[in-house]
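# Breakdown of the fold
If you want the building blocks of each chain, they are given just below.
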Amino acid sequence: MALKRRSLTDLTISGQKVLVRCDFNVPLENGVITDDRRIVESLPTLRYILDKGGSAILMSHLGRPKGVDPKFSLSPVAERLSALLNLPVTLAPDCVESEVEKLCAGLQPGQVILLENVRFHPEEEANDPVFSAKLASLGDLYINDAFGTAHRAHASTAGIAAYLPSAVGYLIQKELKFLGDAVDQPRHPFIAILGGAKVHDKIQLIENLLPKVDQLLVGGAMAFTFEKARGHSVGKSLLDTESLDYAKKLMENPKLVLPTDYVCANAFSAEATPVTCSNNGIPEDLMGLDIGPQSSQHYAKIILDAKTVLWNGPMGVFEMKPFEAGTKAVAKAMAESSGTTIVGGGDSAAAVEQFGFADQLTHISTGGGASLEFLEGRVLPGIVAIPLIEG
Ligand code: AMP
């Protein structure tokens with residue numbers, strides 16, 4: 001029988017105090033949450049625990065505080081979560097020590113406590129075993145549902161699992177299913193689209209994906225390193241010179257697909273006038289800031305013919321209107337595809353949201369760094385901390 005990570009449905013929850021590591025690292029402006037998606041995404045796991053007669057002790061970090069700093073308090077999260085669950089959510093004054101222990105000891109089934117920012121203690125990021133044990137002592141079971149932090153070996157994401165029966169929550173389960181199946185058991189044609197700034201940042205990803213995909217489409221600034229490697233003029237385009245040799249070697253692989261044209265401008269500015277250039281004709285005074293219309297059309301056709309599509313990294317400077325078309329064309333083709341369409345988090349997830357295609361895709365990963373590391377084939381400490389079971 002195949003092995004799988006133990007999940008919350010494999011545990012008996014009734015009457016138990018369940019410590020849940022969530023990713024409540026939400027964006028804040030003047031103390032107000034500007035995007036509550038991460039809180040909303042925690043709800044299935046939390047509702048399951050409460051419905052099964054458990055109580056929930058929630059842990060999260062917020063930002064990068066240096067010690068205790070009220071600016072990084074989880075108080076706005078407690079308020080928002082309470083509104084979403086339609087239940088009181090008590091914010092503990094800290095995440096460890098006597099007052100918190102007392103609060104957790106008195107917790108009744110159906111009740112929710114949110115511990116204060118775990119990163120107020122340096123022991124969290126140091127994965128300190130004493131701190132992990134203190135956190136663990138507050139509950140009976142541990143569930144990790146913070147995919148966005150699963151690539152970090154911290155006390156509340158990894159260390160704690162050694163002290164309690166542990167499982168992954170629905171969110172991590174979903175990420176493992178979609179990102180894992182896309183790479184390990186894809187329906188073919190399987191294509192990957194990679195973009196972003198530097199080849200160097202994507203080498204591991206390319207190495208892991210190339211043997212598995214039928215085609216690998218390249219866009220974003222990293223395309224110019226490939227153009228330069230094959231002797232094309234790239235003008236003032238962003239180059240990753242340390243990856244030129246790697247790019248040259250990779251060019252020999254017939255699975256690699258490069259743009260045939262680019263949208264260029266004389267400045268990195270939304271006010272600059274866009275000019276379309278062929279892939280071998282970027283003048284000295286221009287820089288490539290998006291894939292061109294012919295490439296967009298070609299990439300869209302490949303996407304529509306594929307059964308599995310995995311996308312990581314924008315095709316151009318999609319944050320600026322004149323250079324958004326390539327990224328938008330990829331997002332649109334994915335939305336129109338009848339195949340499995342997966343966005344590997346970060347900037348491409350933001351682009352899909354920005355262009356309004358998010359609800360037409362199969363899966364948009366909630367992790368930026370975590371999904372990249374997962375797709376690179378690396379071991380995520382927050383996931384391997386959870387036992388494998390037969391299932
Ligand atoms: P990354 O973090 O490596 O995935 O890179 C994403 C960033 O690359 C986005 O902010 C894009 O605006 C930027 N980017 C994409 N294409 C280009 C380009 N041709 N020139 C400069 N920056 C780009």
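Just so you know, these numbers come straight off a predicted model, no measurement behind them.

Helix and strand content of the protein: 14 helices and 19 strands. Projecting the C-alpha coordinates of the protein onto the three principal axes gives extents of approximately 70 × 50 × 35 Å. Going through the 391 residues of the protein one by one, you find that 55% of them count as buried. Residue pairs in contact within the protein that sit at least 24 positions apart in sequence constitute 74% of those at least 6 positions apart. For the protein, the computed accessible surface area is about 16400 Å², with 51% contributed by carbon and sulfur atoms. Taken as two groups, the 35 positive and 46 negative side-chain charges of the protein have centres that lie 3 Å from each other.

What follows is about the site of the ligand. Near the ligand lie 14 residues; those nearest to it are Ala197, Ala221, Gly288, Glu319 and Asp347. A distance of 3.0 Å separates an oxygen atom of the ligand from a polar atom in the backbone of Ala197. Between the ligand and Glu319, the relevant distance is 2.6 Å, taken from an oxygen atom to a side-chain nitrogen or oxygen of the residue. Notes on the ligand: free accessible area 500 Å², of which the protein chains cover 79%. Here the residues of the shell around the ligand sort into 7 nonpolar, 4 polar and 3 charged.

On to the pairing of strand E5 (residues 55–59). Burial analysis of E5 places 5 of its 5 residues in the buried class, which makes it a mostly covered element. Burial along E5 is two-sided: the residues Ser55, Ile57 and Met59 and Ala56 and Leu58 are all buried. Pairing analysis gives 5 bridges linking strand E2 (residues 17–21) to E5, with the strands arranged parallel. Within E5, the position partnered with Val18 by the bridge is Ala56. Judged from the 3 bridges that link them, E5 and strand E7 (residues 112–114) form a sheet pairing that is parallel. Paired with Ile57 across the strands is Ile113, a residue of E7.

Along helix H5 (residues 129–136), the positions that sit buried rather than exposed are Phe131, Ser132, Leu135 and Ala136. The arc enclosing the buried residues of H5, seen along the axis, measures out at 140°, which places them on a common side. As for H5, its buried residues are in contact with E2, E5 and helix H4 (122–125). In this structure Asp128 caps H5, since a side-chain oxygen of it lies 2.7 Å from the backbone nitrogen of Val130.

Tallied over the entire structure, the rule returns 1 cavity of 30 Å³ or more. Of the volumes computed, that of the largest cavity is approximately 60 Å³. Lining the largest cavity are Cys22, Asp23, Arg38, Glu41, Ser42, Asp145, Phe147, Gly148, Leu171 and Thr366. The biggest single contributor to the lining of the largest cavity is helix H1 (residues 37–51), with 3 residues. Its residues placed into classes, the lining of the largest cavity shows 3 nonpolar, 3 polar and 4 charged.

The step from His188 to Pro189 runs through a cis peptide bond, and the omega angle for that step is -5°. Position of Pro189 among the secondary structure elements: in the loop between helix H6 (170–184) and strand E10 (190–194). Although it is not a glycine, Asn86 sits at a positive phi angle of roughly 60°. Its location among the elements puts Asn86 in the loop between helix H2 (75–85) and strand E6 (89–91).

Across a sheet, strands are paired by hydrogen bonds formed along the backbone, either parallel or antiparallel in direction. Read from one edge to the other, the open sheet built from 3 strands follows the order E14-E13-E15, with strand pairing classed as antiparallel. Whereas interior strands pair on both sides, the edge strands pair on one side only; in this sheet they are strand E14 (275–278) and strand E15 (287–291). Mean inter-strand twist for the sheet, computed between neighbouring axes without regard to direction, equals 45°. Direction of pairing for strand E13 (residues 261–265) relative to E15: antiparallel, over a ladder of 4 bridges. Each bridged residue has a counterpart across the sheet, and for Tyr262 the counterpart in E15 is Ile291.

Here we take up the packing of aromatic side chains. Each aromatic ring pair is specified by the distance between its two centres and by the angle formed by the two planes. For the structure on display, the rule yields 2 aromatic pairs. Between Tyr48 and Tyr170, the aromatic rings sit 5.7 Å apart at their centres with planes inclined by 85°, giving edge-to-face as the arrangement. Residue Tyr48 is found in helix H1, and its partner Tyr170 is found in helix H6; the two are separated by 122 residues along the sequence. We classify Tyr48 as buried; its relative accessible area is 16%.

What follows is about the environment of Gly367. Summarising the element assignment, Gly367 is placed in the loop between strand E18 (363–364) and helix H13 (369–375). Here Gly367 falls in the buried class, since its relative accessible area comes to 1%. Dropping the residues within four chain positions of it, Gly367 is found in contact with Phe147, Gly148, Glu175, Gly344, Gly345 and Gly346.

All right, on to the domain arrangement of the protein then. Here the protein is partitioned into domain 1 (3–173) and domain 2 (186–375). A separation of 36 Å is found between the C-alpha centroids of domain 1 and domain 2. Between domain 1 and domain 2 the total buried area reaches about 640 Å² when both faces are included, carbon and sulfur atoms providing 60% of it. Taken as a group, Arg37, Phe147 and His151 account for 70% of the area that domain 1 buries against domain 2, more than any other trio of residues on that side. Seen at the junction of domain 1 and domain 2, the total is 1 salt bridge. Residue Glu353 is joined to Arg37 by a salt bridge in which the shortest nitrogen-to-oxygen separation is 3.4 Å. Here domain 1 is connected to domain 2 by 1 residue pair in polar contact (both at pLDDT 80 or more). Examining the composition of the side of domain 1 that touches domain 2, we find that 3 residues originate from one element, H1, more than from any other. Within the side of domain 1 that touches domain 2, the residues separate by chemical class into 2 nonpolar, 2 polar and 3 charged.

Rules and cut-offs
Residues numbered from 1 in each chain as written. Predicted model: local features only at pLDDT ≥ 70, side-chain atom pairs only at ≥ 80, totals over all residues. Heavy atoms only, no water. Helix = DSSP H or I, 4+ residues; strand = E, 2+ residues; numbered from the N terminus. Buried < 20%, exposed > 50% of the residue type's maximum accessible area, 1.4 Å probe, protein only. Contact = heavy atoms within 4.5 Å. Areas by Shrake-Rupley, 256 points an atom, 1.4 Å probe, with all protein chains shown as cover. Lys, Arg positive; Asp, Glu negative; His and termini not counted. Charge placed at Lys NZ, Arg CZ, Asp CG, Glu CD. Near = heavy atom within 4 Å. Polar contact = N/O pair within 3.5 Å; in protein donor to acceptor, adjacent residues only side chain to side chain. Nonpolar A, V, L, I, M, F, W, Y, C, P; charged D, E, K, R; others polar. Pairing = 2+ DSSP bridges. Arc of directions from axis to C-beta. 1 Å grid on protein atoms, 1.4 Å probe; cavity = no way out; pocket = protein on both sides within 12 Å on 5 of 7 lines; lining within 4 Å. Points joined across faces, edges and corners; volume = space filled by probe spheres on them. Axes fitted to C-alpha atoms, helices over the stretch in contact; angles between N-to-C directions. Phe/Tyr/Trp six-rings, centres within 6.5 Å; stacked < 30°, edge-to-face > 60°. Domains from an automatic or database assignment. Buried area = accessible area lost by both parts, 1.4 Å probe. Salt bridge = Lys/Arg side-chain N within 4 Å of Asp/Glu carboxyl O.

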